[in-house]
Amino acid sequence: MKTYNYPYLALALGIMLLAIITKGSETDADGVTMLPLLTLLIINECAFILCAAGVYIGIRRLMKTGFHALYSATVLICLLLTIQFILLGIKLWPV
């Protein structure tokens, strides 16, 4: 696989992992989440690293080749997902 395709892969996996975290962090009537807290935090951290790597590779590629609309949008969405995973990690972390 060529590394310039990585942001597309990171975007697809990031959206899938965001859905898993969102669904898994819902609580039932007893206040228990569907997935254990440690599992949610590990998935969140892996998704953060995945999307952050997609942003890094994407920006490096854009600096070499110039602006491409679809590729730039993909990198931007990966950046937004990275920020979302940071905020979710803070929200999930017990105080």
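This text goes with the structure placed above it.
Reading guide: rules and limits
Residues numbered from 1 in each chain as written. Predicted model: local features only at pLDDT ≥ 70, side-chain atom pairs only at ≥ 80, totals over all residues. Heavy atoms only, no water. Helix = DSSP H or I, 4+ residues; strand = E, 2+ residues; numbered from the N terminus. Contact = heavy atoms within 4.5 Å. Polar contact = N/O pair within 3.5 Å; in protein donor to acceptor, adjacent residues only side chain to side chain. Phe/Tyr/Trp six-rings, centres within 6.5 Å; stacked < 30°, edge-to-face > 60°. Lys NZ or Arg CZ within 6 Å of the ring centre and 35° of its normal. Salt bridge = Lys/Arg side-chain N within 4 Å of Asp/Glu carboxyl O. Buried < 20%, exposed > 50% of the residue type's maximum accessible area, 1.4 Å probe, protein only. Expected span 1.5 Å × (residues − 1). Core = buried A, V, L, I, M, F, W, Y, C linked by side-chain atoms within 4.5 Å.

Asks: I'd like a description of the environment of Ser25, backed by residues and values.
Replies: Tracing the backbone through its elements, the reader meets Ser25 in the loop between helix H1 (6–24) and helix H2 (37–65). Taking the C-alpha atoms as reference points, Ser25 and Leu40, separated by 15 residues in sequence, lie 7.2 Å from one another. With residues near it in sequence (within four places) discarded, Ser25 still touches Thr33, Leu40 and Leu92. At 3.2 Å, the side chain of Ser25 forms a polar contact with the backbone oxygen of Thr22.

Asks: Can you tell me about the packing of aromatic side chains, naming the residues and giving the values?
Replies: Inspection of the entire model under this criterion finds one aromatic pair. Positioned over the ring face of Tyr4 is Arg61, at 4.4 Å from the centre of the ring.

Asks: A description of the pattern of salt bridges should follow, citing residues and the corresponding values.
Replies: Taken as a whole, this structure holds one salt bridge when the rule is applied. Ionic pairing is found between Glu26 and Lys23, a salt bridge with its closest N-O pair at 3.6 Å. Given the relative accessible area of 37%, Glu26 is considered partly exposed. Relative accessible area serves as the criterion here: at 47%, Lys23 is assigned to the partly exposed category.

Asks: Quick one: what's the story with H2, residue by residue and with numbers?
Replies: A rise of 1.5 Å per residue sets the reference length of H2, with its 29 residues, at 42 Å; its end C-alpha atoms lie 42 Å apart and thus fit the reference within 8%. Along H2, the positions that sit buried rather than exposed are Leu40, Leu41, Ile43, Asn44, Ala47, Leu50, Cys51, Gly54, Val55, Ile57, Gly58 and Leu62. For H2, the elements touching its buried residues are H1 and helix H3 (69–92). Gly66 lies just past H2 and shows a positive phi near 100 degrees.

Asks: Which residues make up the nonpolar core, and what values go with them?
Replies: In terms of nonpolar packing, the biggest core is built from 18 residues, with Ile21 and Phe85 touching the most fellow members. Secondary structure elements with two or more residues in this core: H1, H2 and H3. By residue number, the principal contributor to this core is H2, which donates eight residues. Contact partners of Phe85, with chain neighbours within four places excluded, come to Gly14, Leu18, Ile21, Asn44, Ala47, Phe48 and Cys51.

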